Amino acid sequence: MTELLPDPVPARAMGSARTRADGHAKVTGLAAYAVEHPGESPLTLWLVQSTIAKGRITGLDSGAALAHPGVIAVLDHTNAPRLVTDDPDATDPELVVLQDAEVAYRGQIVAAVLADSSEAAREGAALVRVHYETEPHRAEFRDDSPAYAPESVNPDQPTDTDDGDVEAGLAQADVVVDETYRTAYEHNNPMEPHAVTATWTEGEDGPRLTLVDSTQGVHQVAETLAPMLGLPQDRLRVLAPYVGGGFGSKGLPHAPEMAAALAARTVPGRAVRLAVTRQQMFALTGYRTATVSRFRLGARADGTLLAVEHQVREQTSALKEYAEQTATPTRMLYAAPHRRTRHRLVELDVAVPSWMRAPGEMPGVYAHEVAMDELATACGIDPVELRVRNEPDVDPETGKPFSGRRLVECLERGAELFGWADRPHQPRATVDGEWWVGTGVASATYPTMTMAGSQARVRALGGGRYEVGIGSVDIGTGARTVLAQIAADALGVAVDDVDLEIADTDLPMATVAGGSSGTSSWGSAIVAAAQQFRHDHGDDPDAGVHTTASAAQSPGMEQYATHAFGAVFAEARVHRYTGEVRVPRLLGVYSVGRVLNPVTARSQLLGGLTMGLSAALFEESHRDPRFGHVVTQDLATYHVAAHADVRGIEAVWLDEEDPHVNPMGSRGIGEIGIVGSPAAVANATYHATGVRVRSIPITPDRFVE
């Protein structure tokens, strides 16, 4: 395997608007998802969850379940196969399933029922009786809850930062904003719930496990599960041919996947299918923690920032720490000589939080951009102009030049497209019948990352055709389509001459589809493999010859600060008597390097904008602190934006490329769309009503007098 720094690739296929390669299979129902794959005498697994928040199991009666027709077995901590948990570095506490009687949170898996049909499995699970000894628990995230500083925040960033003297900067300021902003608990709800089909087989070299998994990273599942299952990694094959969305929740394996693997171990040769229900997902597959951000901004009378302080409190789980990086965008978004950020965690006896689209960046930038809107109001300055005045020359956090920072152009272009110049300065100045009407703006940013380690293989098929293999996963973003375009340009052939193979651990290693890093990481590996293939085999290779290579990190990633940027503009209409909020217009303008496929890119940006609108107005999970569980655990009570809520929404981008990040000149686009839109909507509701709401979701009761 060769590692090299690939040369930039001239664009022929890249940049062209191609429809999704998997579109026909999906709309015709031919795309087989995780539990739709054939298996030998398939069984269904149904999970039994704890009904206490903390304690231990004192007894479990499975007799009635085992007597039910179709039930094959009931697994619990007394009879489930044993995991290897003696190495703390290789043991994920969330994945230690059915191994002991301890209960760490409500909804934890305490038993699993195997049956020959989903109906029998579900009924069998309802018949299992579990007895507990309860212990006092903590399940309420309060402002006065004890908190601690983690060693780092996701993924490995400093917990706290200090630059200059914030107190001195605030003392020198003509205007000070000192407010607290809150974001709600949110749960990922991809169209396809988490699901897996597990099959163990016995061979001459020992047992093997195959998982067809709804995951964002097949190699990461194998790497995490194999040691705990006592398997060499090459004996755990993971495939994810089609995934119905993830939004971060499928970026890491969760407890259900381990439960399916253990259950399948008891019935070697038979496939075990587990589809996590929508209700079960609210305890078992991660969520976005609530955040509390205290912002202090100090500025001169003309709006020039002197001091920025962002202190964050958020929640983690006693079972496993997760520290959201909420204050990290504050470290680089605007120029200010004095800056301070802090992260503190409140540990509760609850399910484990995890990644959700733009973890940290979405809630952190929401708080920052509403605070900036308040500063603009206090200084009597247009909100767009305030942001322009605080544009840094270099990255305030690292001192490095930006590989490309066109935030001011995004703001100015967005203002032109949105008709910002016609906006009245004062809030509550526009009425249309029974509706107050206002507009708002917010900046957006997301770090541009390329994860190391991805490899790609190029094989000649003869007749000018090539097979390109990489273990990356398309979670609905259009990766299949875009990677084929990258491969075609790197090989100098037409897209139709490339057969792309993905989402299988039998293919070369690929990093996770997360952090908006997939296309950059995988595309760089494909370009490296294609260029090395041409070096090894020339322009007229024999059929069957192949080359595997990975890409070295671009020097630009060390020399420059690499981020995507954007500006979001929103129009909000607030009903004068009911407080109902509608958003008839939402516009995002982005600087994201070269856009490799306008069709899939626009879909990603519109999806992010919509998800941000949903966070601004609807999404909120409610936990009952008395019992420790989320009570809004379905799409009837956990509200998301529907078609009628998404009206005039558009995303555009600047024409550019970033040569410092990767040979394609692109940056990530999967997450920046969600980052600015909640703040833009919140700021628009203030402009409409004169009522400042500092927490999301923004519900109608906030505006009823």
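Shown above is the structure to which this text applies.
Residues numbered from 1 in each chain as written. Predicted model: local features only at pLDDT ≥ 70, side-chain atom pairs only at ≥ 80, totals over all residues. Heavy atoms only, no water.

Participant: Just checking my understanding: could you explain the nonpolar core for this structure?
Facilitator: Side chains that are nonpolar tend, in soluble globular proteins, to be buried together. One finds Leu-45 and Leu-229 to be the most contacted residues of the largest nonpolar core, which totals 97 residues. Here the element with the most residues in this core is helix H11 (residues 479-491); it accounts for nine residues. Apart from residues lying up to four places away in sequence, Leu-45 is in contact with Ala-112, Val-113, Leu-114, Ala-259, Ala-260, Ala-263, Val-272, Arg-273 and Leu-274. Formed by 85 residues, the second largest nonpolar core is a distinct cluster that contains Tyr-334, Leu-407, Phe-418 and Tyr-590. (Core = buried A, V, L, I, M, F, W, Y, C linked by side-chain atoms within 4.5 Å. Buried < 20%, exposed > 50% of the residue type's maximum accessible area, 1.4 Å probe, protein only. Helix = DSSP H or I, 4+ residues; strand = E, 2+ residues; numbered from the N terminus. Contact = heavy atoms within 4.5 Å.)

Participant: Sorry if this is basic, but what is going on with the pattern of salt bridges here?
Facilitator: A side chain of one charge can pair with a side chain of the opposite charge when the charged atoms of the two come close. Enumeration over the complete set of coordinates arrives at 48 salt bridges. A salt bridge links Lys-26 to Asp-22, with the shortest nitrogen-to-oxygen separation between them at 3.1 Å. Of the residues examined, Asp-22 reaches a relative accessible area of 2% and is grouped as buried. Here Arg-534 and Asp-539 are joined by a salt bridge, their closest N and O atoms 3.9 Å apart. Accessibility expressed as a relative area gives 18% for Arg-534, which makes it buried. Shared partners join several salt bridges into a network, and the residues in it are Asp-160, Asp-162, Glu-167, Arg-296, Glu-309, Arg-340, Arg-342 and Arg-344. (Salt bridge = Lys/Arg side-chain N within 4 Å of Asp/Glu carboxyl O.)

Participant: I would appreciate a short explanation of the pairing of strand S21 (residues 455-462) in the present structure.
Facilitator: Look at any regular strand and the pattern is simple: side chains alternate between the two faces of the sheet. For S21 and strand S24 (residues 546-551), the ladder comprises five bridges, and the chain directions are antiparallel. Looking at the pairing, Ala-456 lines up with Ala-549 of S24. Bridge count between S21 and strand S22 (residues 465-469): five bridges; the pairing is antiparallel. The partner of Gly-462 across the bridge, within S22, is Arg-465. Linking S21 back to S22 in an antiparallel pair, the connection comprises two residues, with Gly-463 at a positive phi of about 65°. (Pairing = 2+ DSSP bridges.)

Participant: Even after reading the chapter, I still don't get the layout of surface pockets, so can you show me in this structure?
Facilitator: Any space left empty among the atoms is revealed by the rolling of a water-sized probe across them. When its volume is computed, the second largest pocket comes out at roughly 770 Å³. As for the second largest pocket, its lining consists of 30 residues, and the residues nearest its centre are Asp-92, Leu-252, Lys-320, Glu-321 and Trp-355. Every element with two or more residues in the lining of the second largest pocket is listed here: strand S8 (152-153) and helix H5 (218-229). In terms of residues, the lining of the second largest pocket owes the most to one element, H5, which gives five residues. Tallied by class, residues from the lining of the second largest pocket come to 16 nonpolar, eight polar and six charged. (1 Å grid on protein atoms, 1.4 Å probe; cavity = no way out; pocket = protein on both sides within 12 Å on 5 of 7 lines; lining within 4 Å. Points joined across faces, edges and corners; volume = space filled by probe spheres on them. Nonpolar A, V, L, I, M, F, W, Y, C, P; charged D, E, K, R; others polar.)

Participant: Sorry, what's going on with the sheet that holds strand S5 (residues 102-103) here?
Facilitator: Hydrogen bonding along the main chain pairs the strands of a sheet, whether they run parallel or antiparallel. Strands sit in the order S5-S3-S7 across an open sheet of three strands; the sheet is antiparallel. Whereas interior strands pair on both sides, the edge strands pair on one side only; in this sheet they are S5 and strand S7 (129-134). As paired elements, strand S3 (residues 55-61) and S5 share two bridges and run antiparallel to each other. Across the sheet, residue Arg-56 finds its bridge partner in S5, namely Glu-102.

Participant: Just to check I follow, could you spell out the sheet that holds strand S2 (residues 43-49) for this structure?
Facilitator: An order of S4-S6-S2-S15-S12-S13-S14 is seen for the seven strands of this open sheet, with the pairing classed as mixed. Taken across any chain shown, the strands that pair with only one partner, and hence form the sheet edges, are strand S4 (71-75) and strand S14 (236-239). The sheet shows a mean angle of 20° between the axes of neighbouring strands, direction not considered. When S4 meets strand S6 (residues 109-115), the two strands line up antiparallel, connected through four bridges. For Leu-75, the partnering residue across the bridge sits in S6 and is Ala-112. Contacts from helix H3 (residues 118-127) reach S2, S4 and S6 within the one sheet, and its direction differs from that of S2 by about 25°. (Axes fitted to C-alpha atoms, helices over the stretch in contact; angles between N-to-C directions.)

Participant: I would appreciate a short explanation of empty space enclosed by the protein in the present structure.
Facilitator: By the definition in use, this model includes three cavities of 30 Å³ or more. Roughly 70 Å³ of internal volume is contained in the largest cavity. What lines the largest cavity is a set of 13 residues, among which His-194, Ala-195, Asp-213, Ser-214 and Glu-257 lie closest to the centre. Counting only elements with at least two residues in the lining of the largest cavity, the list comes to strand S12 (195-203) and helix H6 (255-265). When its residues are assigned to classes, the lining of the largest cavity shows five nonpolar, five polar and three charged.

Participant: Teacher, can you tell me more about the packing of aromatic side chains here?
Facilitator: Summed over the entire model, instances satisfying the criterion amount to eight aromatic pairs. Measuring from ring centre to ring centre gives 6.0 Å for Tyr-33 and Tyr-242, while their planes differ by 50°; the resulting arrangement is tilted. Taken together, the positions of Tyr-33 in the loop between helix H1 (23-27) and S2 and Tyr-242 in the loop between S14 and H6 put the pair 209 residues apart, joining distant regions of the chain. Take Tyr-33: its relative accessible area is 21%, and that puts it in the partly exposed class. An angle of 70° between the planes, with centres 6.4 Å apart, marks the rings of Tyr-181 and Phe-295 as edge-to-face. Linking Tyr-181 in strand S11 (residues 175-183) with Phe-295 in strand S16 (residues 291-299), this pair joins segments that are 114 residues apart in sequence. For the residue pair Tyr-181 and Phe-295, the accessibility class agrees, reading buried in each case. Three or more aromatic residues joined by ring pairs form one cluster here, namely Phe-418, Trp-420 and Phe-569. Between the NZ or CZ atom of Arg-585 and the centre of the ring of Phe-418, over which it lies, the distance is 3.8 Å. The aromatic ring of Tyr-185 is capped on one face by Arg-623, whose charged end is 4.6 Å from the ring centroid. (Phe/Tyr/Trp six-rings, centres within 6.5 Å; stacked < 30°, edge-to-face > 60°. Lys NZ or Arg CZ within 6 Å of the ring centre and 35° of its normal.)

Participant: Could you clarify how one ought to interpret the packing of helix H14 (residues 598-617) against helix H16 (residues 677-689) in this entry?
Facilitator: A packed helix pair is summarised by two numbers, namely the angle formed by the two axes and the spacing between the axes. Contact geometry of H14 with H16 gives a least axis separation of 7 Å together with a crossing angle of 50°. Between H14 and H16, the angle falls in the class oblique. Like other packed secondary-structure pairs, H14 and H16 cross with a definite hand, here right-handed. Contact with H14, carried on its side by Gly-608, Leu-609, Gly-612, Leu-613, Ala-615, Ala-616 and Leu-617, involves Ser-677, Pro-678 and Val-681 of H16 and no other residues of that element. A class-by-class count of the residues in the contact of H14 with H16 yields seven nonpolar, three polar and no charged. (Parallel < 35°, antiparallel > 145°, perpendicular 65-115°, else oblique. Left-handed = near helix turned anticlockwise from the far one by under 90°.)

Participant: Would you explain H11 in this entry?
Facilitator: One full turn of an α-helix is made of 3.6 residues, so residues set three or four places apart face in the same direction. Helix length check: H11 (13 residues) gives 18 Å between terminal C-alpha atoms against 18 Å at 1.5 Å per residue, within 8%. With 13 of 13 residues buried, H11 is to be regarded as a mostly interior element. (Expected span 1.5 Å × (residues − 1).)

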